[in-house]
Amino acid sequence: DTAVSQTPKYLVTQMGNDKSIKCEQNLGHDTMYWYKQDSKKFLKIMFSYNNKELIINETVPNRFSPKSPDKAHLNLHINSLELGDSAVYFCASSQEWEGQPQHFGDGTRLSIL
Amino acid sequence: QKEVEQDPGPLSVPEGAIVSLNCTYSNSAFQYFMWYRQYSRKGPELLMYTYSSGNKEDGRFTAQVDKSSKYISLFIRDSQPSDSATYLCATYGGSQGNLIFGKGTKLSVKP
């Protein structure tokens, strides 16, 4: 059973389009996250949701909007995609917000043409 | 100074060698430390989780935290080709208490 699953695994699209990435966790965790891993493999937090409430929003453009319909799901919607958005996006979850280990999905590879 | 610093390598060792991977961190208030392993085209996989100072062992892996020097280490004994991956250290910190990662060390274990 996959603990943290993301769809799609690959996403190739044109600049200017709007796209969504979905994430689901079956670990019963309270907190979910979105990370961006750039071409140099550096992982950086984008958003965190705790019990459906946004608790971290790093300096991410407002073209990116996280949506959590329930505590097992956290989706990422991206408007007006730009070339610089090409990266791997990872979803993660943890039991609580701070101090607990986070468990990651296998990523969504986004390529902007 | 970056909050978490990690030598990106790459590091190449023969099978059976002892591997030492290291990170330094900037803030003495950091208390939770993790090591992740990331295979190519996969997500980071939690290897070790430690709180405060001391050692933690799990099979061939030992995590060590030295809070006095703000230094964290991961040792891999009897390294195997299947250990070839990128290893990321991480700690909770930052301006909003989020998880901060090092840049990762790419390890290659040659048979």
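Just so it is clear, the structure is predicted and the values come from calculations on it, not from any experiment. (Residues numbered from 1 in each chain as written. Chains lettered and ligands numbered in written order. Predicted model: local features only at pLDDT ≥ 70, side-chain atom pairs only at ≥ 80, totals over all residues. Heavy atoms only, no water.)

*Asks:* Summarise the interface of chain B and chain A; cite the residues concerned and give the values.
*Replies:* Contacts between the two partners involve 19 residues from chain B and, on the opposite side, 24 residues from chain A. Summed over both sides, the interface between chain B and chain A buries roughly 1800 Å², with carbon and sulfur atoms accounting for 53% of that surface. Our count for the contact surface shared by chain B and chain A stands at one salt bridge. For lysine 42 of chain B, the salt bridge is made with aspartate 106 of chain A, and the minimal N-O distance between the two is 3.5 Å. Seen at the junction of chain B and chain A, the total is eight residue pairs in polar contact (both at pLDDT 80 or more). Looking at the side of chain B that touches chain A, the elements that each hand over two or more residues are strand 4 (32–38), strand 5 (45–51), strand 9 (85–93) and strand 10 (98–101) of chain B. Element by element, the count of residues in the side of chain B that touches chain A is highest for strand 4 of chain B, at four residues. (Contact = heavy atoms within 4.5 Å. Buried area = accessible area lost by both parts, 1.4 Å probe. Salt bridge = Lys/Arg side-chain N within 4 Å of Asp/Glu carboxyl O. Polar contact = N/O pair within 3.5 Å; in protein donor to acceptor, adjacent residues only side chain to side chain. Helix = DSSP H or I, 4+ residues; strand = E, 2+ residues; numbered from the N terminus.)

*Asks:* Can you tell me about the state of the cysteines, naming the residues and giving the values?
*Replies:* Each disulfide is one covalent bond, formed between the sulfur atoms of two cysteines. All names here are of chain A. If you walk through the whole model with that rule in mind, you get two disulfides over all chains. Between cysteine 23 and cysteine 91 runs a disulfide, and the two sulfur atoms are separated by 1.9 Å. For the disulfide bridge between cysteine 23 and cysteine 91, the dihedral angle about the S-S bond is near -80°, and by the sign convention the bridge is left-handed. Of the two residues, cysteine 23 is situated in strand 3 (residues 19–25) and cysteine 91 in strand 9 (residues 87–94); the sequence distance between them amounts to 68 residues. With relative accessibility at 2%, the residue cysteine 23 sits in the buried group. Look at cysteine 91 and you get buried, because its relative accessible area is 0%. (Disulfide = S-S within 2.5 Å. Buried < 20%, exposed > 50% of the residue type's maximum accessible area, 1.4 Å probe, protein only.)

*Asks:* Explain the sheet that holds strand 1 (residues 4–7) of chain A to me, and be specific about the residues and the numbers.
*Replies:* Remark on secondary structure: sheet strands pair via backbone hydrogen bonds, oriented parallel or antiparallel. All names here are of chain A. Spatial ordering of the open sheet is given by 1-3-8-7, a layout of four strands whose pairing is antiparallel. The sheet terminates laterally at strand 1 and strand 7 (64–70), the two strands that pair on one side only. On average, each strand axis in the sheet is tilted by 20° relative to the strand beside it, whichever way the strands run. When strand 3 meets strand 8 (residues 73–78), the two strands line up antiparallel, connected through four bridges. Its bridge partner lying in strand 8, isoleucine 21 is registered against leucine 76. (Pairing = 2+ DSSP bridges. Axes fitted to C-alpha atoms, helices over the stretch in contact; angles between N-to-C directions.)

*Asks:* An account of the side chain of threonine 13 of chain A is requested, with residue identities and associated values reported.
*Replies:* All names here are of chain A. Position of threonine 13 among the secondary structure elements: in strand 2 (residues 10–13). Overall, the relative accessible area of 5% leaves threonine 13 in the buried class. When neighbours within four sequence positions are excluded, threonine 13 is seen to be in contact with Lys19, Leu81, Leu110, Ser111, Ile112 and Leu113.

*Asks:* Give me the lowdown on the nonpolar core, citing residues and values where you can.
*Replies:* The biggest cluster of nonpolar side chains holds 24 residues, and the ones touching the most others in it are Trp35, Ile72, Leu74 and Tyr87 of chain B. For this core, the secondary-structure elements that each account for two or more residues are strand 3 (19–25), strand 4, strand 5, strand 7 (61–66), strand 8 (71–76), strand 9 and strand 11 (105–110) of chain B. Per-element tally for this core: the top contributor is strand 3 of chain B, with four residues. Beyond its immediate sequence surroundings of up to four residues, tyrosine 87 of chain B is in contact with Gln6, Leu21, Tyr36, Arg37, Leu47, Phe61, Leu74, Ile76, Gly104, Thr105 and Leu107 of chain B. Counting residues in each nonpolar core, the second largest holds 20 residues, with Val60, Leu76, Ile78 and Leu110 of chain A among its members. (Core = buried A, V, L, I, M, F, W, Y, C linked by side-chain atoms within 4.5 Å.)

*Asks:* Summarise the sheet that holds strand 6 (residues 54–58) of chain B; cite the residues concerned and give the values.
*Replies:* Residues and elements named next belong to chain B. Sheet architecture is open: five strands sit in the order 1-3-8-7-6, paired in antiparallel fashion. Here the strands that pair on one side only, and so sit at the sheet edges, are strand 1 (4–6) and strand 6. Across the sheet, the axes of successive neighbouring strands diverge by a mean angle of 15°, strand direction being ignored.

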